[in-house]
Every structure is written in structure tokens, then in C-alpha cells.
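# Descriptive analysis of the structure
The primary structure of each chain is shown beneath.
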Amino acid sequence: MRELTSWLSGGGATGSFPYSAVLAEFHRAGKHFVEKEVLALLDQARTRLTAREPHARLLGDFLDVALDKWDGRYDYRSYLALRLLRLPGGDDATVGSDADRSAARRDTDRLLVRLVADALAFELTAAAGATDLLPERRPSRDVAAKRHRLGVRAVAPALARLGIAATVPDPAAATPDELRAVAADAEPDADLILRLSMLPVHVSHDEYLFIRVLQSYECLFARIAEELRATIAALATGHAGRAADRLAYARGSLTAAGPLFSLLATMQPEAFRTFREYTTGASAIQSRSYKLMESLCRTPEGSRLDSAAYRQVPEVRDLVHAGQPSIDDAYRTAVRDGLLAAPDGERVEREMRSFAAAVLQWRRTHHRLATRMLGPRPGTGYTEGTPYLAAVRSIPVFTSVAGETRPPSPTESTGGSPE
Ligand code: HEM
């Protein structure tokens, strides 16, 4: 790779790293097939990095994502470039005052909209024949139009909060450029980060959508985990109204994103089965944010904590072992201490039931989607696949409030359309 060799021989300043050329090389064949010589040069670039250089963190994070297979560290987080995306709750997260909370929620809204807008821009550009990126199994124009509709619907509440109505006459038909304008980020590297976070393993068109939808859910789970932490803090100090508000926001975020699953259900199963040949070892069973969300609701029982589900997220397992508080426990304690007076106390209980219903719905839809795409094949996270999902989908979200769970009806285990 000429650009990389001359960058290395020219001193390798982080600010002038040939990102575009490297991305083009990865996109040409897919991350799984990048030539060893290119990976060796990137590895050399990484050894030169020192933390003091400007942009060193960005370049270091990118190289770790690009070299995950080379290093033998490839997993769900590196596949989705989660470290690059700076998700809610990361190092820079702001929690505390009302202003901090609003700013943190806006950051999440912006990231979510930008991820979805980018996916839709790719769909529409490809449908117009204006890109040769990931050329295999292009979907029809109708499918691209459907994806556009569903994508905009999935981010509609975030767009409303970001004030789209003030600039776009018909938000439901907003173009990807309009979405990007509403969610513009002041962070100077935001656009570059988004480009760097797209490293498909293969050249199937639909992998672009798959990656962006997973990243969008990661962004939401991370936001929800923050809201759940704040719910626990509010319950512990007897602020029932605040606890109910935070839980309601978490539930709204999860429910509103439902069309993301419908969007992913438009993926062509054959395309999915082709690129997943190269994603073995990367499974959402390794999602920290999802397990945080689960364990902040209720401390998982020993058998779940000792299962592959938690062994694959050791950081979260450690947090639970170290006594991470949960909403379930905080609620019980608040009831025992008489901190949940009506009417706010009843609202907390109602919101807990609604949040639990939203999580159970998410699991049911996920199971249906997985059944459609995967059939009887095993998962990439070394489980037997959908039988695992069928077994975990009715794990109670809370046990301190009665009547939250609804057992899945017999028809729900037969698969079908997630829409
Ligand atoms: C084509 C679409 C999808 C298929 C076929 C699928 C399949 C699976 C399978 C088979 C598992 C079990 C673990 C394994 O062996 O890999 C799993 C777990 C999981 N998936 Fe998906 N999935 C899909 C989409 C998604 C999406 C969009 C998300 C959102 C982040 C997601 C989140 C999860 C989570 C959080 C788990 C772990 C659940 C637990 O341990 O309780 N999946 N998925």
C-alpha cells in the first residue's frame, strides 16, 4: 500500500494518517480478506504511536479495530468499533445536574440519528447506482425505499427532541442529509469517526445495515443503562417521581426503536448467511450494555451469572459480584422504608411493569428475527442459536413487582415476521 508506506517513511504524524486509503483497502475485499502485507504495515504504524501525539487516541482505537483479526482479538466490540463510537456512559459521560442529563440525552439522540442516517444514505446511494461499495446482493429500489421509511420511523422521537420540525417540513420523509443536519455534531472528528466505524468483514451490501443497526442498539442500551443507574440513585434517596421519570425515558427509548428490528428484517437471509461465515466469535451475547441493562434491573441469579451469557462479559459479571445495586433491590428497600408514597410510588411500580414489558417485547421480536435469518444454525457466540434465545427470553426483568411477565404464546416460538 503506497500511501501507508510513504506515511511510515515520512515520519508517521498521526494527523496525516491515510485513513481514506486504508478504508478503501478494507472495503475492497472485506476485513476478513485484507492482505497480510497491509496488516503488517498497520501493525508497524501502531507500534509507532505515542499517547502524547494529537489524534493518537483516535488512530490507536482505529488500528485496534482494523487489526482485531490479525491480533486474534476479534469480537463483538471490535466488529462494531464500539470504542471509536464513544457511547453514552463512556469516559466523557456527563451525569449530575438536569443540564448534564439533557446534554447526555441529546448526545445519544445525535449519535443514534447519525448512525441511522448513514445507513440510509448508503441504501439510497446504492439504489441510485452511485457507489460500488459492498456490491454483492444489492437489494431492489423498493427495499431501499422501505428501509428509508423504517429508518426514519425508528429515530422519529429522537428527531423530534432535536427539533427537526423547525427545519424540515415533512420529517417522516426526511432525506439522510436532512437527518444529518439535524444531528450535526460539534465534535470535529465526528464524521471521520463514523466512517472509521464501518469495517464489514465481507462485501455483502446488507452487512452495512447489520452493523449500523447493531451499533444503534448499542447506543440505546448504553443510554438506557445510564437512565437505570439514575433510577436506582433516585429510589435510594426517596425521589420516587424522578425514578419514575428516568424509567419512563428508558422504556420510551427501547419501545421507540422497535422499527430498527423491522428494518433489519428486510435483510436478505442469504446475504446474512454469507457474511456471518466470517463473523464467528463476534456475537451480541458479548454486549456489555445489554448485560448492564439486565443486571441493573435485577441481580441475575447464580446460574445465569455462571453461564456463557455473563462469562462473555466479565466486566459486568465483576460489577455484579462487587455488589452492583439493582432497581429490584432499591425498590424493595424503598418500599420497606416507606419512601414510596402515593401517587409517585404507584407510578414507579407502573413504570417498572411497562419497562419490563418493553424488554420482553424486545426479546420476543429479536427471537423471531433470529429465527427468520438463522433457522436451525448455531449462533456466532457459540450457543446453539435460537433455542438459547427461546430459553432466555422469559427471564423475569424484575421480581419485586407482581404480574410483569407474560409467558410467550405458543405461536411466538414459530418465528415469522418481526414487523
Ligand atoms: C440477523 C439478526 C440477528 C440474529 C440472527 C441474532 C441471533 C442471535 C443469537 C443466535 C444469539 C445467541 C448467542 C449466540 O450464540 O450468538 C443472540 C444473542 C443476542 N443478540 Fe442477537 N441476533 C440478531 C440481531 C440482533 C440485534 C440487532 C441485536 C441488538 C443489539 C441483538 C442483540 C442480542 C443480544 C443482546 C444477545 C444476548 C442475549 C442474552 O444473552 O440474553 N441481536 N442473537
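Everything below is about the structure shown above.
Residues numbered from 1 in each chain as written. Predicted model: local features only at pLDDT ≥ 70, side-chain atom pairs only at ≥ 80, totals over all residues.

What follows covers the packing of helix H8 (residues 98-127) against helix H13 (residues 206-236). Put simply, H8 and H13 touch, their axes get as near as 9 Å, and they point 170 degrees apart. Taken together, the axis directions place H8 and H13 in an arrangement best described as roughly antiparallel. Here Ala 104, Thr 108, Leu 111, Leu 112, Leu 115, Val 116, Asp 118, Ala 119 and Phe 122 of H8 lie close against H13, whose contacting residues are Tyr 208, Leu 209, Arg 212, Gln 215, Ser 216, Cys 219, Leu 220, Arg 223 and Glu 226. Split by residue class, the contact of H8 with H13 holds 11 nonpolar, three polar and four charged. (Axes fitted to C-alpha atoms, helices over the stretch in contact; angles between N-to-C directions. Helix = DSSP H or I, 4+ residues; strand = E, 2+ residues; numbered from the N terminus. Parallel < 35°, antiparallel > 145°, perpendicular 65-115°, else oblique. Contact = placed C-beta atoms within 7 Å. Nonpolar A, V, L, I, M, F, W, Y, C, P; charged D, E, K, R; others polar.)

So, on to the nonpolar core. Counting residues in hydrophobic clusters, the biggest one holds 117 residues, and the most contacted among them are Val 113 and Ile 327. Top contributing element to this core by residue count: H13, with 17 residues. Here this core gathers at least three residues from each of two domains, domain 1 (2-73) and domain 2 (98-283 + 292-414). With residues near it in sequence (within four places) discarded, Ile 327 still touches Leu 228, Thr 231, Ile 232, Leu 235, Leu 296, Cys 297, Met 352 and Phe 398. (Core = buried A, V, L, I, M, F, W, Y, C linked by C-beta atoms within 7 Å. Buried ≥ 20, exposed ≤ 12 C-beta atoms within 10 Å, placed from the backbone. Domains from an automatic or database assignment.)

Now for helix H22 (residues 344-374). Relative to the 45 Å expected for 31 residues at 1.5 Å per residue, H22 spans 44 Å between its end C-alpha atoms, a close match to the ideal helical length. Immediately downstream of H22, the backbone of Gly 375 shows phi near 60 degrees, a positive value. (Expected span 1.5 Å × (residues − 1).)

Near the ligand there are 25 residues, and of these Ser 283, Ala 284, Gly 379, Gly 381 and Thr 383 occur at the shortest range. Among the secondary structure elements, those contributing two or more residues to the shell around the ligand are H13, H22 and helix H23 (386-392). Here the shell around the ligand is composed, by residue class, of 17 nonpolar, eight polar and no charged. (Near = placed C-beta within 6 Å.)

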